[in-house]
Amino acid sequence: MSADPTAFGPDFERLRQRLQAVPVLSLEAETLVIESGSTTGRVLILKDGSVEISKDGVRIAEIDEPGAIFGELAILLHRPHTADVRTTRRSTFHIANAATFLDDPGIALYLATVLAQRLDATNDRLLEIRRKLEREEHPPSAIARMIETLGESLRFGPPI
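Quick summary incoming for the structure in this document. Residue numbering note: each chain is counted from 1, following its sequence as written. Where totals are concerned, whole chains, interfaces and linings use all residues; where local detail is concerned, this predicted model gives features only for residues with pLDDT of at least 70, and gives and counts side-chain atom pairs only at 80 or more. No hydrogens and no water enter the side-chain calculation; it runs on all heavy atoms of the structure.

1. A short note on the overall build of the protein
Reasoning step 1: Elements are defined by DSSP. Helices are runs of H or I of four residues or more, strands are runs of E of two residues or more, and each kind is numbered from the N terminus. Helix and strand content of the protein: five helices and six strands.
Reasoning step 2: Along the chain direction, N to C, the helices and strands of the protein fall in the order α-β-β-β-β-β-α-β-α-α-α.
Reasoning step 3: Among the 160 residues that make up the protein, the fraction classed as buried is 29%.
Reasoning step 4: The contact definition used throughout considers only heavy atoms, calling two residues in contact when any of these lie within 4.5 Å. For the protein, long-range pairs separated by at least 24 residues make up 73% of all intrachain contacts whose partners lie at least 6 apart in sequence. For every residue, the accessible area obtained with a 1.4 Å probe (protein chains only) is divided by the maximum for its type, and the residue is called buried under 20%, exposed over 50%, and partly exposed between those limits.

What follows is the structure, encoded as structure tokens:
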């Protein structure tokens, strides 16, 4: 937990200390770090540099924020990686064995925080798009129907 006992969130100092024990890998620009369909059993944490994430040849994002995590969805969902991650310039990563790394409650909380931030940002974009589509005066387009389907696909957890 963080130093403030009323705060719920990752202890970033503890996380930095934990990362010091994790091996570091430096790669040149245009290096494929994670290949879609592969199973690595690793989680990568960006130390510095920049990567592009693409799926089925479509660019999804470029990430240059230190602390960004890659490969976690494949680990959490027990399936192969679903996107390619490629360096866009020389980049350095902490390369962690997911089985041992994610056993740390502080790391798990950090990952949960990152995933919650992504979901929150996605929800905000979805809401923004829905509002723009609602202002249109013509019948719902195929895009509007796809957005509606996307909203319905956001599940709040697996059945327990």
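2. Re unusual backbone geometry
Reasoning step 1: In this model, Glu-30 sits at a positive phi of 70°, which is unusual for a non-glycine residue.
Reasoning step 2: With respect to the helices and strands, Glu-30 occurs in the loop between β1 (24-27) and β2 (32-34).
Reasoning step 3: The backbone of Asp-56 shows a phi angle near 50°, a positive value even though the residue is not glycine.
Reasoning step 4: Within the element layout of this structure, Asp-56 appears in the loop between β3 (42-55) and β4 (58-63).

3. Quick word on the side chain of Ser-50
Reasoning step 1: Its location among the elements puts Ser-50 in strand β3.
Reasoning step 2: On the basis of relative accessible area, Ser-50 is assigned to the buried category, the value being 1%.
Reasoning step 3: Not counting the four nearest positions on each side in its chain, Ser-50 is found in contact with Glu-62, Ile-63, Asp-64, Arg-86, Thr-87, Thr-88, Arg-89 and Ser-91.

4. Thoughts on the nonpolar core
Reasoning step 1: The biggest cluster of nonpolar side chains holds 14 residues, and the ones touching the most others in it are Leu-19, Val-43, Ile-45, Ile-69, Phe-101 and Leu-102.
Reasoning step 2: Sorting elements by how many residues they give to this core places helix α4 (residues 105-134) first, with four residues.
Reasoning step 3: Discounting residues that sit within four places of it in the chain, Phe-101 has contacts with Arg-18, Leu-19, Val-22, Ile-45, Ala-96 and Ile-107.
Reasoning step 4: Listed in part, the 13 residues of the second largest apolar core include Val-33, Ile-34, Ile-53 and Ala-83. As used here, the term nonpolar core means buried Ala, Val, Leu, Ile, Met, Phe, Trp, Tyr and Cys residues forming a set that is joined through side-chain atoms within 4.5 Å.

5. Notes on the packing of helix α1 (residues 12-20) against α4
Reasoning step 1: Between N-to-C directions, angles cover 0 to 180 degrees, with each direction set by a line fitted to C-alpha atoms, over the stretch in contact for helices. Closest axis-to-axis distance for the α1/α4 pair is 10 Å, and the angle between their directions is 115°. One way to sum up the angle between α1 and α4 is to call them roughly perpendicular. The crossing of α1 and α4 is left-handed. Only Gly-106, Ile-107 and Tyr-110 of α4 make contact with α1, whose side of the interface consists of Phe-12, Arg-14, Leu-15 and Arg-18. Here the angle decides the label: under 35 degrees means roughly parallel, over 145 means roughly antiparallel, 65 to 115 means roughly perpendicular, and every other value means oblique. Handedness of a crossing is defined here by the sense of rotation of the near helix relative to the far one, left-handed for an anticlockwise turn of less than a right angle and right-handed for a clockwise turn.

6. Remarks on the pattern of salt bridges
Reasoning step 1: Salt bridge, as applied in this entry: a Lys or Arg side-chain nitrogen positioned within 4 Å of an Asp or Glu carboxyl oxygen. Scanning the model with the defined rule gives seven salt bridges in all.
Reasoning step 2: Between Arg-118 and Glu-72 there is a salt bridge, with the nearest N and O atoms lying 2.5 Å from each other. Residue Arg-118 is located in helix α4, and its partner Glu-72 is located in helix α2 (residues 72-77); the two are separated by 46 residues in the primary sequence.
Reasoning step 3: The closest approach of N and O atoms between Glu-128 and Arg-125, which form a salt bridge, is 3.4 Å. With a gap of three residues between them, Glu-128 and Arg-125 both fall in helix α4, about one helical turn apart.
Reasoning step 4: Relative accessible area serves as the criterion here: at 46%, Arg-125 is assigned to the partly exposed category.
Reasoning step 5: Ionic contacts of the salt-bridge type, sharing partners, join the residues Glu-52, Arg-59 and Glu-62 into one network.

7. A word on the environment of Pro-80
Reasoning step 1: By the secondary structure assignment, Pro-80 is in the loop between α2 and β6 (84-97).
Reasoning step 2: The class of Pro-80 is partly exposed, set by a relative accessible area of 36%.
Reasoning step 3: On a C-alpha basis, the gap between Pro-80 and Thr-39 in space is 4.8 Å, while along the polypeptide they are 41 residues apart.
Reasoning step 4: Apart from residues lying up to four places away in sequence, Pro-80 is in contact with Gly-37, Ser-38, Thr-39 and Ala-74.

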